[in-house]
Each structure stands twice: as structure tokens, then as C-alpha cells.
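Chains, contacts and geometry: an overview
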Amino acid sequence: MNRVLRLTLPWLTLIAIGVCAYALRYGLVESPQVAHLCETGSSLTCDMRHAVVMGFVLAPLKLSASYSYQMGIYGWVALLATVLALFWKKPATARFSAATGMVAVVLYCFAPGALALLVGCLRLVRLQSSGATPLDHHRTGAGQIHSQP
């Protein structure tokens, strides 16, 4: 049971982080009720909404003289987590990369979020499978030859 929990807990945590990010996006940022509430006055909900939205509009990344990509703080954190996961091969960095990638994808930073999510998930699968023994799919039975299949 301990091995099963150790293998599934990072994936269940990633799903929970995704659900929280979706709740933040659709319940706070895109909610018409919260937008109307923030037009009439200020509250803790409006301050949280403003802080989340300001994370979208960090300085743009200049790709060329005519094109810039608006990448918020969520994208930059996801890229940093990706670099950490690539060079520091630990389960914590893989989980961090996948989690920040999930949040970035949900909160409008698609390209860096997708990269971080992919790298984090692949690194996590690789780290989880490094201790596993390969399965014998043909089930040859210790090299014994049978006359009929």
C-alpha cells in the first residue's frame, strides 16, 4: 500500500492543483458576479482578483522587433521550474515543474505552461520508473520451451 500511495500521490496532487487553478480562473477571474462586485466597491475578493490578474501582465517577452509574447509571472515561474527539473533530477523539482505548468496553462500562459507540464510529468514518470523491474510480456517461464502454445 505504501508503494501505491507513493506512486499515485503526486498525480492526485497534480489533479487537485489543476482543480484549484480552474476554480481560481472561473470562480474569481472570469466570474461576472465578481467583476460586478469589483465595479461597485473594493473587498478582499476584489483585491485577490486584482493580484491574480496582475500576474498575467508582467513585462512581455520580446521575440522580435514586431512581435512580443505576453508572458505573466506564471509563465516565468513555470520556465524556471522546467530548468530546475531538467538539471536537478529530483522528484520535488519534477512535481514543482508539473504543478507550475498546470497553473500556467490554466491561467493563460499556454506555451511555457505546456512545456513545464510536459517536462515535469515526463521527469516524474522517469523517476518513478527507475526503481521498477521490467515486466516479461511474453511470460516465457524462465526460458522453458513448450511444444504447443
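Values in this document were obtained by computation on a predicted structure and should not be read as measured data. (Residues numbered from 1 in each chain as written. Predicted model: local features only at pLDDT ≥ 70, side-chain atom pairs only at ≥ 80, totals over all residues. Heavy atoms only, no water.)

**Some remarks on the confidence of the model for the protein**
- When pLDDT is averaged across the protein, the result is 84; 78% of the residues are at 70 or more.
- At the low end of the mean pLDDT range in the protein sits strand 1 (residues 61–62), at 60; at the high end sits helix 5 (residues 91–106), at 95. (pLDDT = per-residue confidence, 0-100. Helix = DSSP H or I, 4+ residues; strand = E, 2+ residues; numbered from the N terminus.)

**Examining the pattern of salt bridges**
- A complete count under the given rule lists one salt bridge for this structure.
- Its salt-bridge partner being glutamate 30, residue arginine 25 comes within 3.1 Å of it at the nearest N-O pair. (Salt bridge = Lys/Arg side-chain N within 4 Å of Asp/Glu carboxyl O.)

**Let's talk about helix 4 (residues 73–87)**
- For helix 4, spanning 15 residues, the distance from its first C-alpha to its last is 21 Å, which sits close to the expected 21 Å at 1.5 Å a residue.
- Taken residue by residue, helix 4 has Tyr74, Gly75, Ala78, Ala81, Thr82 and Ala85 as its buried positions. Seen from one end, helix 4 has its buried residues packed into an arc of 125°, which puts them on one side. Residues of helix 4 that are exposed and angled more than 90 degrees away from the buried face: Leu80 and Phe87.
- Looking at the packing, one finds that the buried side of helix 4 touches helix 3 (44–54), helix 5 and helix 6 (110–129). (Expected span 1.5 Å × (residues − 1). Buried < 20%, exposed > 50% of the residue type's maximum accessible area, 1.4 Å probe, protein only. Arc of directions from axis to C-beta. Contact = heavy atoms within 4.5 Å.)

**Description of the side chain of arginine 123**
- Within the secondary structure, arginine 123 sits in helix 6.
- Arginine 123 sits in the buried class, given a relative accessible area of 16%.
- Residues within four places of arginine 123 in sequence aside, it is in contact with Ala85, Leu86, Lys89 and Ala94.

**Here we look at a nonpolar patch on the surface**
- Taken together, the side chains of Ile73, Trp76, Val77, Leu80, Leu84 and Phe96 make up a nonpolar region of the molecular surface, amounting to roughly 490 Å² of accessible area.
- Ranked by the residues each element gives to the nonpolar patch, the list is headed by helix 4, at five residues.
- Summarising the element assignment, isoleucine 73 is placed in helix 4. (Patch = residues over 30% accessible without salt bridge, like charges linked within 9 Å, V, L, I, M, F, W, Y side chains within 5 Å. Areas by Shrake-Rupley, 256 points an atom, 1.4 Å probe, with all protein chains shown as cover.)

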